[in-house]
Amino acid sequence: MGKTQERRIAQRMCLGAALMLAVVFGFGAGTVQSAHAQTLHVLYNFGGSSDGGDPYASLIRDAAGNLYSTFGYGGGTSFSGGVFKVAPDGTETVLYSFTGGADGAFPEAGLIRDNAGNLYGTTTQGGSDNIGVVFKVDPSGTETVLHSFTGGTDGVIPVGGLLRDAAGNLYGTTSQGGTSNDGILFKISPSGKETILHTFTGSTKDGKYPSYTSLLTDAQGNLYGVTEEGGSADGGILYKLSKTGKLTILHSFTGGTTDGCNVLGTPFRDAAGNFYGTTSSCGTDNLGTVWKVNKYGKEKVLHSFAGGTSDGEYPLAGVIMDAEGNLWGNTETGGATKFGTVYEISKSGHYTLVHSFDGTDGKYPYGSFAQNAKGTIFGSALNGGTIGYGTVWKIIP
């Protein structure tokens, strides 16, 4: 099990105990002014019951401005999580509630959406062996299990999201399982057939624990991703997997004070072939970094998090890039009240703390962002809000 998974499981247990004592005040929207004159608007406060709670994952957005993702708690009578939509006016709709059985349980990754409006994702538990599934939810709310993981040479606990190609094949990773129990990279055909494309071994020439991440692809069909550990210093890697199945390490993170370690989130790739992402640990103050790796494999640390009231701690979700070339991301903790932050790194490399969460607007943002053509950023927080089970919010630059 990866270091971040251990930290999150412990935190979830503590938070769950604390939330049992919370007083429920009701639903509603709110507005919080950030320290940098940008305003965070809460679109929805989760209640932790039939509407769900604990939204870990990144959001996606459709052409009408609806936001989609998963929540890891609540939903139906089994409280096994579900799939939700939040409309532009803040109205939430639960599209599917997991029962905790063969259909899956406790999703922690975001969704992808096809042109017909079908949503695809993963759960960390449930299925035939209770170690996770790949699923589809159609526009009517009907769920189909495309694959149940079985352990052994197959994967275990898919905490990452999916990538879909033009032929309808799905690609993703499991955080554990495979011959070395270090995770796998898989492909699921439209008919549900699984192909294991790579089994991670955790050696100096391979990765280990591809956790809380999704894959990228290029025009040639090569796949790109990150792992939490493995590589030359066991600090994680950025890799490329060719169509023929050859894995190439583009960068091994070495940790210490000059590089990051424990790579999570989905990397971003720009038109010039540069990759951007985050590490959840190491760096100058051992609180994580934002990095860039160019197409030749040379890395540059863009920011080392320092904590305190003016900086974040432990970035988990990677970054996105806006139309001007600025990077946007969040941190699990840090900021004025230690409940997490939203930050921006300009194209010129200037770091700005955009927002510190204070609890009323959310706590502990994990997932990455969606954005619209005007540059508005949409995100979620795992906990906090008026009731305590998380929020969906937006920031208008």
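All values derive from a computational prediction rather than experimental measurement.

1. Observations regarding the packing of aromatic side chains
- Per the counting criterion, the structure on display carries 20 aromatic pairs.
- Ring centres of Tyr-44 and Phe-46 lie 5.2 Å apart, and the angle between their planes is 85°; on these two criteria the pair is classed as edge-to-face.
- Taking relative accessible area as the criterion, Phe-46 reaches 0% and is therefore assigned buried.
- Considering the side-chain rings of Phe-369 and Trp-393, the 5.6 Å spacing of their centres and the 70° angle between planes classify their relative orientation as edge-to-face. With Phe-369 in the loop between strand S32 (351–356) and strand S33 (370–371) and Trp-393 in strand S35 (residues 391–396), this pair connects stretches of sequence that are 24 residues apart.
- Residue Trp-393 is classed as buried on the basis of its relative accessible area of 0%.
- Among the aromatic residues, those joined into a cluster by ring pairs are Tyr-44, Phe-46, Phe-71 and Phe-84.

2. Some details on the pairing of strand S5 (residues 82–86)
- Most of S5 sits inside the fold, with four of its five residues counted as buried.
- Relative to S5, strand S4 (residues 67–71) runs antiparallel, the two sharing five bridges. Bridge pairing links Thr-70 to Val-83 in S5.
- Here five bridges tie S5 to strand S6 (residues 92–97), and the two strands are oriented antiparallel to one another. Each bridged residue has a counterpart across the sheet, and for Phe-84 the counterpart in S6 is Val-94.

3. Side note on the sheet that holds strand S18 (residues 216–217)
- With antiparallel pairing, the four strands of this open sheet are ordered in space as S18-S19-S21-S22. Two strands bound the open sheet, and with one partner strand each, they are S18 and strand S22 (247–252).
- Bridge analysis of S18 against strand S19 (residues 223–227) gives two bridges, and the strand direction is antiparallel. Each residue of the ladder has a partner; that of Thr-217, found in S19, is Leu-223.

4. Points about the environment of Arg-269
- Relative to the helices and strands, Arg-269 resides in strand S23 (residues 260–269).
- Sequence separation between Arg-269 and Met-321 is 52 residues, and the spatial gap between their C-alpha atoms is 9.1 Å.
- If sequence neighbours within four positions are ignored, Arg-269 has contacts with Leu-216, Asp-218, Tyr-224, Asn-274 and Phe-275.

Conventions and cut-offs
- Residues numbered from 1 in each chain as written.
- Predicted model: local features only at pLDDT ≥ 70, side-chain atom pairs only at ≥ 80, totals over all residues.
- Heavy atoms only, no water.
- Phe/Tyr/Trp six-rings, centres within 6.5 Å; stacked < 30°, edge-to-face > 60°.
- Buried < 20%, exposed > 50% of the residue type's maximum accessible area, 1.4 Å probe, protein only.
- Helix = DSSP H or I, 4+ residues; strand = E, 2+ residues; numbered from the N terminus.
- Pairing = 2+ DSSP bridges.
- Contact = heavy atoms within 4.5 Å.

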